[in-house]
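# Geometric and topological summary
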Amino acid sequence: MKLTQSRIVTQDVPSLAGFYQELTGIIPDGSDEYVEFNIAGGGGLAICSKRSADIFGGGVAVPAANHSMILDFEVNNVDKERIRLKNLIQDFVLEPTNQPWGNRSMIFRDPDGNLINFYTVIHGEPRKCSGGDRQ
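Further remarks concern the sheet that holds strand 7 (residues 103-109). One open sheet holds the 4 strands; their spatial order is 5-8-7-6, and the pairing between them is mixed. Edge positions in the sheet fall to strand 5 (70-74) and strand 6 (91-98), since each of these pairs with one other strand and no more. Here the strands of the sheet are splayed against their neighbours by 15° on average, with no regard to which way each runs. Pairing geometry for strand 5 and strand 8 (residues 115-121), over 5 bridges, is parallel.

Dropping the structure here:
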């Protein structure tokens with residue numbers, strides 16, 4: 001089995017896509033209803049409208065209601081990213097912090113409230129539980 005993509009449901013695809021374009025530097029492909037970001041390393045991130053998500057069955061996804069998932073991005077330098085993002089991010093949940101498993105990470109929210117973790121490996125290979133940062 002292979003996880004190929006994570007998808008965020010929102011009320012405003014163009015706005016959230018613009019945020020992630022500025023965050024990642026990747027220009028998405030798509031429309032006002034659905035966009036995809038092709039992330040280096042084979043992963044993907046998609047953003048779709050609630051109307052598009054409702055095709056799977058009315059009300060299966062609720063925009064701006066995530067309280068349980070974190071998107072993890074490995075970056076070259078968390079501290080440089082913190083400086084770069086200071087005017088883009090409204091809600092920093094965790095400032096850059098060294099973690100006991102050998103990563104430096106920071107957590108913040110996107111405009112819909114979804115959690116994002118930027119991390120950098122600082123001590124060799126991170127000890128992984130199932131991938132990404134052990135935050």
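Picking up after the structure, the text goes on.
Further remarks concern the confidence of the model for the protein chain. The predicted model of the protein chain has a mean per-residue pLDDT of 89, with 91% of residues at 70 or higher. Averaged pLDDT values over the elements of the protein chain bottom out at 91 in helix 2 (residues 50-53) and peak at 98 in helix 3 (residues 78-84).

Bringing the environment of Leu16 into the picture now. Note that Leu16 resides in helix 1 (residues 13-24). Along the backbone, Leu16 and Gly59 are 43 residues apart, and their C-alpha atoms lie at a distance of 20 Å. Residues in contact with Leu16, not counting those within four places in the same chain, are Ile8, Thr10, Ile47, Asp110, Pro111 and Asp112.

Okay, the sheet that holds strand 1 (residues 6-10) next. Taken in spatial order, the 4 strands of this open sheet run 1-4-3-2, and their pairing is mixed. Pairing within the sheet leaves two strands with one partner each, and these edge strands are strand 1 and strand 2 (29-30). Where strand 3 (residues 34-38) and strand 4 (residues 44-49) come together, 5 bridges link them in antiparallel fashion. In the strand pairing of strand 4, Phe37 is matched with Leu45.

Here Gln99 is to be found in the loop between strand 6 and strand 7. One polar contact links Gln99 to Ser105, side chain to side chain, over a distance of 3.1 Å.

This brings us to the nonpolar core. With 23 residues, the main nonpolar core has Tyr20, Leu23, Ile47, Leu85, Phe108 and Phe118 as its most contacted residues. For this core, the elements supplying multiple residues, two or more each, are helix 1, strand 3, strand 4, strand 5, strand 7 and strand 8. Ranked by residues supplied to this core, first place goes to helix 1 with 6 residues. Residues within four places of Phe108 in sequence aside, it is in contact with Leu23, Leu85, Ile89, Asp91, Phe92, Val93, Asn114, Leu115, Ile116 and Phe118.

Basis of the calculations
Residue positions are given per chain, counted from 1 along the sequence in the order it is written. Only residues with pLDDT of at least 70 are given local features in this predicted model, and only at 80 or more are side-chain atom pairs given and counted; all residues enter the totals for whole chains, interfaces and linings. With hydrogens and water excluded, all non-hydrogen atoms of the structure serve as input to the side-chain values. When DSSP finds two or more bridges between two strands, those strands count as paired. Secondary structure elements are defined from DSSP: runs of H or I of at least 4 residues count as helices, runs of E of at least 2 residues count as strands, and each element is numbered from the N terminus. Note on method: axes are straight lines fitted to C-alpha atoms, helices fitted across the in-contact stretch only, with angles between N-to-C directions ranging 0 to 180 degrees. pLDDT runs from 0 to 100 and stands for how confident the predictor is about each residue. Contacts are assigned to residue pairs with any non-hydrogen atoms lying within 4.5 Å of each other. Within 3.5 Å is the distance limit for a polar contact, defined as a pair of N or O atoms, with the added protein rule that one can donate a hydrogen and the other accept it, and that residues adjacent in sequence qualify only through two side-chain atoms. Put simply, buried Ala, Val, Leu, Ile, Met, Phe, Trp, Tyr and Cys residues joined by side-chain atoms within 4.5 Å make one nonpolar core. Exposure classes here rest on a 1.4 Å probe applied to the protein chains alone. A residue is buried below 20% of its type maximum, exposed above 50%, and partly exposed in between.

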